[in-house]
Amino acid sequence: MITRAILLTALVGVCVVLVPPATPWAQVAEAPPTPDTLVRHVRQALGRGAVDRARTITAQTTAPPEVTSMALALVEIFEGRPTGARARLTALVDAGDTSDALLELGLLDLREGKREDGRRRLDQLLQQTYDMTPENSFRMARAAYALGDVRLANTAFQRTGPLPLQKADMETTWGDMLFEKHQYGEAVRSYRAALDADPGWIRAHLGLSRALAGEDLVTSGAALETAGSLAPSHPDVWLLTAERRLVADDKPGTRAALDTVAAARPNTPDEWAWRAALAHAEGDEAAVEAGLRRAFDLNPLFADGYRVVGAQAARAYRFDEAAAYARRAVDLNDEDAGAHADLGLYLMRTGDEATARVALERAFRLDPFDTVTFNLLKLLDTIATFDTVESGPFVFKFPKDEAAVLAPYALPLAHLAYKTFSARYGFTPDGPILVEVFSVHDDFAVRTLGLPGLVGALGACFGRVITMDSPKARPPGTFSWQATLWHEIAHVFSLQVSDYRVPRWLTEGISVFEEHQYNKAWGRELALEFARALSMNRTFGVMGLPDAFQRPRDLSLAYFEASLLTEHLVSINGDAGLRALLSAYAGGAKDADAFAKAFGRSVDEVEASFKAFVDREYGALARAMADPAGTGERGGGRGGRGTGGRGATPQTLDALKALAATAPGSFVAQWSLGQAHYQNGELAEARTALERAAALAPMAHGDTSPRPLLADIALKESDPARARRELREFLTWDHDNVEAARRLVALAREAADEDAEAFGLRVVADIDPYDVNAHVGLGRRALARKDYETALVELSVVLALGPPNLAEAHADLAEVFLGLGRKDDARKAALKALEQAPTYARAQDLLLAAIGGRS
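Residues numbered from 1 in each chain as written. Predicted model: local features only at pLDDT ≥ 70, side-chain atom pairs only at ≥ 80, totals over all residues. Heavy atoms only, no water.

Asker: Can you break down the pairing of strand β5 (residues 465-469) residue by residue, with the values?
Answerer: Within β5, 5 of the 5 residues are buried, leaving the element largely enclosed by the surrounding structure. Covered by surrounding structure in β5 are V465, T467 and D469 together with I466 and M468, the residues of both alternating faces. When strand β3 (residues 433-438) meets β5, the two strands line up parallel, connected through 5 bridges. When the bridges of β5 are listed, V435 appears paired with I466. Where strand β4 (residues 459-461) and β5 come together, 3 bridges link them in antiparallel fashion. Along β5, the bridge assignment pairs C461 with I466. (Buried < 20%, exposed > 50% of the residue type's maximum accessible area, 1.4 Å probe, protein only. Helix = DSSP H or I, 4+ residues; strand = E, 2+ residues; numbered from the N terminus. Pairing = 2+ DSSP bridges.)

Structure representation (structure tokens):
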């Protein structure tokens, strides 16, 4: 069954066995089937993927013909032979069976697109009056679930009670329903309960794999691997395997998995839907339509066919195409809540929020239990309260209390990025480009994926839509919102220039590269971590980057290395080479052909030249970051804030001196010695060692940087000028360290060092734009040098934030307006100042100046 979780599942690579496999069914002691329990035993064998066992016990039974016929129908359904199953079930229902046969026939009707017949049969089953035994409750739950009556189904599931041979089936089916409604935690509990009842239940392993895919890739992959080890030919195992391999862009593996599905259960709509999705990934539109036709021949109402292809288009960031497939799904089956929900989600990713709301509201009416739909509708209500600012190719949406603070900086930065990238890539993207900024991180997560969470992400780009955290979404000093905006706008260009065919490693590499091009500290936060990985020969290289992007543990360094590869590619053939590379991907080329077209080099040649580039640019740093023998120290982590570091190392001071002497090129040895001397109060010795460390790794961040300690030493030695220099150099690399910036401002103000104070204030305002004092300082400095345009920006933000002295803030603005020749605005601002302080002489003088200049 296709669910919307396909859209939300993280990339899953090759699965590895990480837990012991469950005990195969053949090793589980069980009583032989009796005529009364034949159907239950057949269900149990099929649930374990033991179709041969199911056939054997039906062939050897002494059960009555009607019982045997029911059991055989179940086997035929499992094997994808619905014609024989339908004949058997119809005969049983015509003979008066209103329990299992009626249920299975109704479900078969729905699977074949005979919606009205299926509903009629399942309604008939639900309307019967009978004792609510566990078996009857389970039948009712399955019927209600199939009809979309989640409340009734949930109640019936709760009443099933003990089901010795059906416990695993019941819990798994309940888990499937909970999973479809995005109740992943509850679904996991059901799947685990199923496996407690029967460790060999294949659908429970597969359900667990799906439910955990978004948060625990290790366990998710292990669950799929376990299912495969227990039932190597189970079609559902291979259907999920095909999905995972397609997500991982393993097209041959996808095709092989689908061939195995076809051998075990031929000609199912699901198989053909995934073949159509594979064809979409290969750019074969004719095969897409052919696969969908085959699926619809088997089920004329199989909207999931369009949904699977739409999901593949969405994974490729082709959201206009994804929305088009979702519309076809809706047109095919207007009662499919998931199709409407998909349409709403895809339209939000194209920026069409008004039409998205219509689709989502329809989806919610059909299925009020879909948490993603509920989340998106609630979020649209929140976005409706935002301030919209249109500027050139951009439409920004800010929370009302942030618009006046962020817009003056976000809009000029966005326009500069647009101008820079338009020139570099020779391209004007389709627009408008919608940028939505969220002060609550979970709102950003819902706007991006439909669910809260999304740990580690700061922004996202869908081609024409950018979503991102505002500075309020995280503690000040934990990220640069401006770097995030620059990064995401770069994605707009790399995605559109390549017609959305750029591989992930390259679009991310380009965006981080572009960060660094604009600001040397941006995009280089992981330089020391990369150098350490390089020292241990643990980098990825050109051919290893695609796989690294599918491993969460490697993702941060993969971003960094991809940016270095982009830098290297530009060094080979300039911006023209980068444009040619993206154009090659737009034409459908893969890495080998794309490199040949853009650079005239094979992948192996690029690999070799990239290695030389990395060695040249980072070899010295890698040697500095390597562990000196015997220390076990790690250098290069971003670390926390402050100047105390991690404390003295376990080695004695003499041992550290000896190590530093024998390893003068080791950052770890010099930094550790310097810190130890500092903690012992030996400032001159500490300074010498820390200066060596700083020279070896000038871009060190946080507590791993020697510069905050050097600043402390300078202050202790009564050299505040050097302390300011150290902090300023530190901030050129640790660009979002707001605490260090505030410290620099305080020291600079005390020394009347206007240049250093202005530098520190700019860092503070950029990282924490809600620091009103930073804007006051910047605005008044601009006013003093008669830079009225800058002063207007800063002092307008001061008013938006609510200054401590409102009269003075209005007077500052009045002076700015006078400088700009806007006498009427100056008069209004002066009057507002006088409303706050009627005797304020400065405001009176400004008012007179404004009035005197009026005609």
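Asker: Requested: an account of the packing of aromatic side chains, with residues and values cited.
Answerer: On inspection of all chains with the given rule, the structure shows 26 aromatic pairs. The interplanar angle of 40° and the centroid separation of 5.8 Å between the aromatic rings of F394 and F396 together place this pair among those described as tilted. Like F394, the residue F396 is buried in the burial classification. Considering the side-chain rings of Y418 and F493, the 5.6 Å spacing of their centres and the 70° angle between planes classify their relative orientation as edge-to-face. Placement of the pair is Y418 in helix α23 (residues 400-425) and F493 in helix α25 (residues 481-497), with a sequence separation of 75 residues. You'll find Y418 and F493 in the same group, each marked buried. Here the aromatic cluster, defined as three or more aromatic residues joined through ring pairs, consists of F394, F396, F398, Y418, F421, Y425, W486, F493, Y518 and W522. Taking NZ or CZ as reference, R265 lies 5.0 Å from the ring centre of F78, over its face. (Phe/Tyr/Trp six-rings, centres within 6.5 Å; stacked < 30°, edge-to-face > 60°. Lys NZ or Arg CZ within 6 Å of the ring centre and 35° of its normal.)

Asker: Describe unusual backbone geometry, naming the residues involved and giving the relevant values.
Answerer: Along the chain, G431 connects to P432 via a cis peptide bond; the corresponding omega equals 0°. The residue P432 is located in the loop between α23 and β3 in this model. Its identity is not glycine, yet Y500 carries a phi of approximately 65°, on the positive side. With respect to the helices and strands, Y500 occurs in the loop between α25 and α26 (504-518). Given a relative accessible area of 16%, Y500 falls into the buried group. Positioned with a positive phi, K786 is a non-glycine residue whose angle comes to about 60°. Relative to the assigned elements, K786 resides in the loop between α39 (772-784) and α40 (788-801). According to the relative accessible area criterion, K786 is exposed, its value standing at 59%.

Asker: Would you mind going over the sheet that holds strand β1 (residues 387-391) in detail, with residue names and values included?
Answerer: Taken together, the 5 strands give an open sheet; going across it, the order is β1-β2-β3-β5-β4, and neighbouring strands pair in mixed fashion. Looking along the sheet, the strands with just one partner apiece sit at the ends: β1 and β4. Across the sheet, the axes of successive neighbouring strands diverge by a mean angle of 15°, strand direction being ignored. Bridging between strand β2 (residues 394-398) and β3 involves 4 bridges; their strand directions are parallel. Bridge pairing in β3 links F394 to I433. (Axes fitted to C-alpha atoms, helices over the stretch in contact; angles between N-to-C directions.)

Asker: Before we move on, can you summarise the environment of G344 with the specific residues and values?
Answerer: Looking at the element boundaries, G344 is found in helix α20 (residues 337-350). Overall, the relative accessible area of 0% leaves G344 in the buried class. Other than its neighbours up to four places away in sequence, G344 contacts A356, A359 and L360. (Contact = heavy atoms within 4.5 Å.)

The quantities given are spatial measurements derived from coordinates; they are silent on function.
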